[in-house]
Amino acid sequence: GAVVSQHPSWVICKSGTSVKIECRSLDFQATTMFWYRQFPKQSLMLMATSNEGSKATYEQGVEKDKFLINHASLTLSTLTVTSAHPEDSSFYICSASYQGADYGYTFGSGTRLTVV
Amino acid sequence: SQKIEQNSEALNIQEGKTATLTCNYTNYSPAYLQWYRQDPGRGPVFLLLIRENEKEKRKERLKVTFDTTLKQSLFHITASQPADSATYLCVLNTDKLIFGTGTRLQVFP
């Protein structure tokens, strides 16, 4: 089955530093990947749609200069949280569709970011 | 805007019983609706998808219904097991995925 690998699974960083999260489709090509953020006891909220070879599409209210997305290949998308602050602490999850949206989405295992 | 309501309270049931989770949504009915399972500290795992022209969909011990008149989907787990304990998310497909907050299911022996 389709697998999306996400790394790291957790990271702690200091305020003001940047953190990169990787999302890889292991056994399929993903022209589109999605990045979500989930706060405790809340639903997943779409942050941006990552398109291979083009600029990402950000949801309203998400700062594109703060959350840099790069989708340089058909199997890799990265999310970089720049100048991180404690309020950026959250659970970040990526996903992709293997057979098309009609067949559900495959999610990565998530990255717990803690900014101190 | 489209909203999803899932029972935010935990559902506790005894092993072997059928668990029934409810998902209600507002506004227009999506072309299809999905259910996912999420364990603590993990990403969601796809379970079932049901289309608007389908009344019911089954997969092993899982059953999903979709009533576009009531704007409701029901998710059933028959012969529940402690391993079924998790949070179950109702997700609508519009131009993007809209997630409910989930219902936490606890199956005790």
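Residues numbered from 1 in each chain as written. Chains lettered and ligands numbered in written order. Predicted model: local features only at pLDDT ≥ 70, side-chain atom pairs only at ≥ 80, totals over all residues. Heavy atoms only, no water.

Novice: Got a minute to help me understand the overall build of chain B in this structure?
Specialist: Check the secondary structure of chain B and you find zero helices and eleven strands. Going from N to C terminus, chain B has its helices and strands arranged as β-β-β-β-β-β-β-β-β-β-β. Expected size for 109 residues packed as a compact globule is a radius of gyration near 13 Å; at 13 Å, chain B falls within 12% of this value. Overall, chain B is about 40 × 30 × 20 Å in size when its C-alpha atoms are taken along their principal axes. In chain B, the proportion of contacts linking residues at least 24 apart, taken out of those at least 6 apart, comes to 53%. Here chain B displays about 5500 Å² of accessible surface, and carbon together with sulfur accounts for 47% of that area. Charge-centre separation for chain B: the mean point of 14 positive side chains lies 1 Å from the mean point of 11 negative side chains. (Helix = DSSP H or I, 4+ residues; strand = E, 2+ residues; numbered from the N terminus. Rg over C-alpha atoms; globule rule 2.2 N^0.38 Å. Contact = heavy atoms within 4.5 Å. Areas by Shrake-Rupley, 256 points an atom, 1.4 Å probe, with all protein chains shown as cover. Lys, Arg positive; Asp, Glu negative; His and termini not counted. Charge placed at Lys NZ, Arg CZ, Asp CG, Glu CD.)

Novice: Is there a simple way to explain the packing of aromatic side chains in this structure?
Specialist: For any pair of aromatic rings, the description rests on two quantities: the centre-to-centre distance and the angle between the ring planes. Tallying each qualifying case throughout the model produces twelve aromatic pairs over all chains. Ring geometry for Tyr36 of chain B and Phe99 of chain B: centres 6.3 Å apart, planes at 45°, overall tilted. Of the two residues, Tyr36 of chain B is situated in strand β4 (residues 32-38) and Phe99 of chain B in strand β10 (residues 97-99); the sequence distance between them amounts to 63 residues. Take Phe99 of chain B: its relative accessible area is 6%, and that puts it in the buried class. Taken together, a centroid distance of 5.4 Å and an interplanar angle of 35° make the contact between Phe75 of chain B and Tyr88 of chain B tilted. On the criterion of sequence distance, the pair formed by Phe75 of chain B in strand β8 (residues 72-77) and Tyr88 of chain B in strand β9 (residues 86-93) is long-range, its members being 13 residues apart. Assessed through its relative accessible area of 2%, Tyr88 of chain B is described here as buried. Connected via pairs of aromatic rings, a cluster forms that spans Tyr36 and Phe107 of chain A together with Tyr36, Phe46 and Phe99 of chain B. (Phe/Tyr/Trp six-rings, centres within 6.5 Å; stacked < 30°, edge-to-face > 60°. Buried < 20%, exposed > 50% of the residue type's maximum accessible area, 1.4 Å probe, protein only.)

Novice: Got a minute to help me understand the layout of surface pockets in this structure?
Specialist: Any empty space left between the atoms is revealed when a probe the size of a water molecule rolls over them. Quantified by volume, the largest pocket comes out at close to 580 Å³. Along the wall of the largest pocket there are 24 residues; nearest its centre are Gln38 and Lys41 of chain A together with Gln38, Thr87 and Arg104 of chain B. Mapped onto the lining of the largest pocket, the elements with two or more residues apiece are β9 and β11 (103-108) of chain B. If you tally residues by element for the lining of the largest pocket, the top one is β11 of chain B, at four residues. Along the lines of polarity and charge, the residues of the lining of the largest pocket split into eight nonpolar, eleven polar and five charged. (1 Å grid on protein atoms, 1.4 Å probe; cavity = no way out; pocket = protein on both sides within 12 Å on 5 of 7 lines; lining within 4 Å. Points joined across faces, edges and corners; volume = space filled by probe spheres on them. Nonpolar A, V, L, I, M, F, W, Y, C, P; charged D, E, K, R; others polar.)

Novice: It is not clear to me how the side chain of His76 of chain B should be interpreted in this structure. Could you clarify?
Specialist: Mapped onto the elements of the fold, His76 of chain B is located in strand β8. Engagement of the side chain of His76 of chain B in a polar contact is seen with the side chain of Thr20 of chain B, the distance being 3.0 Å. (Polar contact = N/O pair within 3.5 Å; in protein donor to acceptor, adjacent residues only side chain to side chain.)

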